[in-house]
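# A closer look at the structure
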Amino acid sequence: MTTPFPSIPAPSDGTPPPRELVFEGVGVDLAGVSILSDVTLTLPQQRIAVIGSNGSGKSTFARLLGGLVAPTRGRVGIHGHDLVAERKRVLRMVGSVFSNPDAQIIMPTVAEDVAFSLRRRGLTREEIARRVTATLERYGLAERADAPAHSLSGGQKQLLALSAVLITDPALIVADEPTALLDGRNSRLISSLLLDEIPQQLVLVTHDLELAARCDVAVRFEDGRLFEVDDPAPVIARYRRDLG
Ligand SMILES: Nc1ncnc2c1ncn2[C@@H]1O[C@H](COP(=O)(O)OP(=O)(O)OP(=O)(O)O)[C@@H](O)[C@H]1O
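Residues numbered from 1 in each chain as written. Predicted model: local features only at pLDDT ≥ 70, side-chain atom pairs only at ≥ 80, totals over all residues.

- The chain has the name Energy-coupling factor ABC transporter ATP-binding protein in an unreviewed UniProt entry, where Herbiconiux aconitum is given as its organism.
- In its Sequence similarities (unreviewed entry) section, the UniProt record describing the chain reads: "Belongs to the ABC transporter superfamily." (UniProt positions renumbered as here; feature names shortened; annotations may be inferred.)

Here it is as structure tokens:
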């Protein structure tokens, strides 16, 4: 049985619930230590930057949305669905990418790795092949379809990781420092894909304040707490000032 997220009334007229992330008194303890506490906010914006000092809790926030850590306290709602009560459904709605695409490669070849994301979805072999071909073409990897995934360049590997996520058509993309290991050209490629092209809601954890400035809202964490949420320009300006 599913429990409707309390702050979002179940739509009675068939309209979909709002495309927003809702946190109500969320806390995360790991190994008995409080890592995040008292996080309460609503994020309806499409592109959400998450910034803050090292160890402030940004990745934990991202991991929470990706289902990799569970809230110890409070409730998380993703597009009207409760992260805990509707875990299986919510996890299918969220796709995560990280700094190191090597850690996300599962299958030997590029095409197999992208196809792996569609397992257990009840699709025919032909439908999977059709979607894989379309996705690889869309993201410029078609010529490398049969290449060993680990032979790709760093930028291509990150494109592969993103392709493997986007082929499932998630509602929310969570990207934790996706450009940190890339050179300038590949960093621009991945960031313009994330920020300018995909229609999904995006949570982008980044130390790159120029990327954060291109988002619709910035969320700043410090010491495991929400520090502020506002338009990116003032949040970034204050953060720069605090960094000295
Ligand atoms: N599994 C864990 N067990 C115990 N402590 C953890 C665990 N994961 C993270 N932490 C601690 O939680 C705090 C927040 O970590 P987190 O990775 O969320 O920070 P961050 O803001 O992403 O940092 P950075 O910018 O350095 O990547 C850190 O002090 C970290 O050491």
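### Re the pairing of strand 2 (residues 33-43)
- In this sheet, strand 2 lies alongside strand 1 (residues 21-30) in antiparallel orientation, the contact comprising seven bridges. Bridging across to strand 2, Asp29 finds its partner in Ser34.
- Taking the residues that link successive antiparallel strands as the turn, the strand 1-strand 2 hairpin has two residues, and the phi of Ala31 there is positive, at about 50°. (Pairing = 2+ DSSP bridges. Helix = DSSP H or I, 4+ residues; strand = E, 2+ residues; numbered from the N terminus.)

### Focus on the UniProt feature "domain: ABC transporter" (unreviewed entry) in the chain
- Feature annotation in UniProt places "domain: ABC transporter" (unreviewed entry) on residues 21-243, given in this structure's numbering.
- Taken end to end, residues 21-243 has its terminal C-alpha atoms 28 Å apart, with 36% of it in helix and 27% in strand.

### Describing the nonpolar core
- Counting 61 residues, the largest nonpolar core has Ala49, Val50, Leu160 and Leu204 as the members making the most contacts within it.
- Counting residues per element, this core draws most heavily on helix 5 (residues 154-166), at seven residues.
- Those residues in contact with Val50 that sit more than four places away from it in its chain are Lys58, Phe61, Ala62, Val203, Leu204, Val205, Val219 and Phe221. (Core = buried A, V, L, I, M, F, W, Y, C linked by C-beta atoms within 7 Å. Buried ≥ 20, exposed ≤ 12 C-beta atoms within 10 Å, placed from the backbone. Contact = placed C-beta atoms within 7 Å.)

### Observations concerning the site of the ligand
- Residues in close proximity to the ligand include Leu30, Ala31, Val33, Ile35, Gly52, Asn54, Gly55, Ser56, Gly57, Lys58, Ser59 and Thr60, which together make up its full environment.
- Secondary-structure elements contributing two or more residues to the shell around the ligand are strand 2 and helix 1 (58-65).
- The dominant element in the shell around the ligand, judged by the number of residues it contributes, is helix 1, at three residues.
- Looking at side-chain class alone, the shell around the ligand contains four nonpolar, seven polar and one charged residues. (Near = placed C-beta within 6 Å. Nonpolar A, V, L, I, M, F, W, Y, C, P; charged D, E, K, R; others polar.)

### Describing the packing of helix 5 against helix 6 (residues 184-197)
- Contact geometry of helix 5 with helix 6 gives a least axis separation of 9 Å together with a crossing angle of 15°. Classified by the angle between their axes, helix 5 and helix 6 sit roughly parallel to one another. Here helix 5 runs over helix 6; the crossing is right-handed. Every residue of helix 6 that contacts helix 5 at Gly154, Gly155, Gln158 and Leu162 is listed here: Asn186, Leu189, Ile190 and Leu193.
- Counted by class, the contact of helix 5 with helix 6 contains four nonpolar, four polar and no charged residues. (Axes fitted to C-alpha atoms, helices over the stretch in contact; angles between N-to-C directions. Parallel < 35°, antiparallel > 145°, perpendicular 65-115°, else oblique. Left-handed = near helix turned anticlockwise from the far one by under 90°.)

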